[in-house]
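Working through the structure, step by step
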Amino acid sequence: MQTVNMHEAKTHLSRLTEEVARYGEPFIIAKAGKPLVQVIPYTEHRQPSKRIGCLPPMNIPDDFNQMDNAEIETLFAGADDEILA
């Protein structure tokens, strides 16, 4: 891994960072011979998709929250015994 001093890094920052982005090889910026920071290529971190157990991906209908509302209301109200039969 390449180590450059602070003055060289300030002078050639554009070139140094372009090389990091292109080739993926990080470098260290040092001051008075002591390493201060490491410049590494940027990569986006993706959130892993959420899965429910071993189930395959599912399509949830847009009206999911309203599905079977009438039947559920009837069951809770106890007004219609035919649904239970």
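The model shown is predicted, which means the values in this text are computed figures rather than measured ones. (Residues numbered from 1 in each chain as written. Predicted model: local features only at pLDDT ≥ 70, side-chain atom pairs only at ≥ 80, totals over all residues. Heavy atoms only, no water.)

A word on the sheet that holds strand S3 (residues 34–39)
Spatial strand order, S1-S2-S3: three strands in an open sheet with mixed pairing. Of all strands in the sheet, those bounded by a partner on one side alone are strand S1 (2–5) and S3. Taking each pair of neighbouring strands and ignoring which way they run, the sheet shows an average axis angle of 35°. Bridging between strand S2 (residues 27–31) and S3 involves five bridges; their strand directions are antiparallel. Bridge pairing in S3 links Ala30 to Pro35. (Pairing = 2+ DSSP bridges. Helix = DSSP H or I, 4+ residues; strand = E, 2+ residues; numbered from the N terminus. Axes fitted to C-alpha atoms, helices over the stretch in contact; angles between N-to-C directions.)

Structural notes on unusual backbone geometry
The phi dihedral of Ala32 falls on the positive side, at around 55°, and the residue is not glycine. Looking at the element boundaries, Ala32 is found in the loop between S2 and S3. Judged by relative accessible area, which is 79%, Ala32 ranks as exposed. The backbone phi angle of Asp68 is positive, close to 60°, even though this residue is not glycine. Among the secondary structure elements, Asp68 is positioned in the loop between S3 and helix H3 (69–77). (Buried < 20%, exposed > 50% of the residue type's maximum accessible area, 1.4 Å probe, protein only.)

Topic: the nonpolar core
If you look at the biggest cluster of nonpolar residues, it comprises six residues: Val4, Ala9, Leu16, Val20, Phe27 and Ile29. Once you skip the residues sitting within four places of it in the chain, Ile29 turns out to touch Val4, Met6, Ala9, Lys34, Pro35, Leu36, Val37 and Val39. (Core = buried A, V, L, I, M, F, W, Y, C linked by side-chain atoms within 4.5 Å. Contact = heavy atoms within 4.5 Å.)

Quick look at the pattern of salt bridges
Across all of its chains, the model carries two salt bridges by this definition. Here Arg15 ties to Glu19 by a salt bridge, and the two come within 3.2 Å at their closest N and O atoms. Residue Arg15 and its partner Glu19 are both found in helix H2 (residues 13–23); the two are separated by four residues, about one turn of the helix. Glu18 is paired through a salt bridge with Arg22; the nearest N and O atoms lie 3.3 Å apart. Taken as a pair, Glu18 and Arg22 lie in helix H2 at a separation of four residues, close to a single helical turn. Judged by its relative accessible area of 42%, Glu18 falls in the partly exposed class. A relative accessible area of 55% places Arg22 in the exposed class. (Salt bridge = Lys/Arg side-chain N within 4 Å of Asp/Glu carboxyl O.)

It is worth stressing that arrangement in space is one thing and function is another; only the former is reported here.
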